[in-house]
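# An overview of the molecular structure
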Amino acid sequence: MICDSIRDYVNTVLYKTGDYNDSFYCGITNDIDIRMQQHRNNDFNIVRNQVGAWLCRDVESATEVERRMGEFGYDIGRGNKAGNGANDDSRYVYILKKGKCTTGNVSSCATSFI
């Protein structure tokens, strides 16, 4: 299952002692590079610029993975509603560790920073 693979990635690559699940952001997109730049410009920095991504068969599958990651306590954005703002061709599920805010909207940023 993709959720298990994502959680393994968080635990082996991104996690540092003291991190909480909501320090990590999980989303879906149709273009990883553009979406990461949007996060950097509008939301938060990406710690160590490390992003894990998995390709799903369709947007419904990607949305379901994102929803499940939200149930595990990962930040999935906008009130933790899966599929928020996704395009019909958003098949990539991605996860990253949130860094410092790049906007005044602190609620979209990590509770602890590196």
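Below, the structure is looked at part by part. This one's a predicted model, so the numbers in the text were calculated from it and none came from an experiment.

### Section: helix H3 (residues 59-71)
- The terminal C-alpha atoms of H3, which comprises 13 residues, lie 18 Å apart, in line with the 18 Å expected from a rise of 1.5 Å per residue.
- For H3, the full list of buried residues reads Val59, Ser61, Ala62, Val65, Glu66, Met69 and Gly70.
- By the N-cap criterion, in which a side-chain oxygen at the helix start approaches the backbone nitrogen of a residue two or three places on, H3 is capped by Asp58, the distance to Glu60 being 3.3 Å.
- Once H3 ends, the next one or two residues include Gly73, with phi positive near 100°.

### Considerations on the pairing of strand E3 (residues 92-101)
- Burial of E3 is extensive: 7 of the 10 residues sit out of reach of the surface.
- Taken together, the 6 bridges between strand E1 (residues 24-29) and E3 define a ladder with antiparallel strand orientation. The partner of Ile28 across the bridge, within E3, is Val93.
- With 7 bridges joining them, strand E2 (residues 44-55) and E3 adopt antiparallel strand pairing. Within the sheet, the bridge partner assigned to Gly52 lies in E3 and is Ile95.

### Some remarks on the pattern of salt bridges
- Tallied over the full model, the rule gives 6 salt bridges.
- Notably, a salt bridge pairs Asp58 with Arg57, separated by 3.8 Å at the nearest N-O pair.
- Taking relative accessible area as the criterion, Asp58 reaches 25% and is therefore assigned partly exposed.
- Classification of Arg57 as exposed rests on a relative accessible area of 69%.
- Between Lys98 and Asp75 there is a salt bridge, with its nearest N and O atoms 2.7 Å apart. Of this pair, Lys98 sits in strand E3 while Asp75 sits in the loop between H3 and E3, and the two are 23 residues apart along the sequence.
- In this structure, a network of salt bridges that share partners links the residues Glu64, Arg67, Arg68 and Glu71.

Cut-off values and rules
Residues numbered from 1 in each chain as written. Predicted model: local features only at pLDDT ≥ 70, side-chain atom pairs only at ≥ 80, totals over all residues. Heavy atoms only, no water. Helix = DSSP H or I, 4+ residues; strand = E, 2+ residues; numbered from the N terminus. Expected span 1.5 Å × (residues − 1). Buried < 20%, exposed > 50% of the residue type's maximum accessible area, 1.4 Å probe, protein only. Polar contact = N/O pair within 3.5 Å; in protein donor to acceptor, adjacent residues only side chain to side chain. Pairing = 2+ DSSP bridges. Salt bridge = Lys/Arg side-chain N within 4 Å of Asp/Glu carboxyl O.

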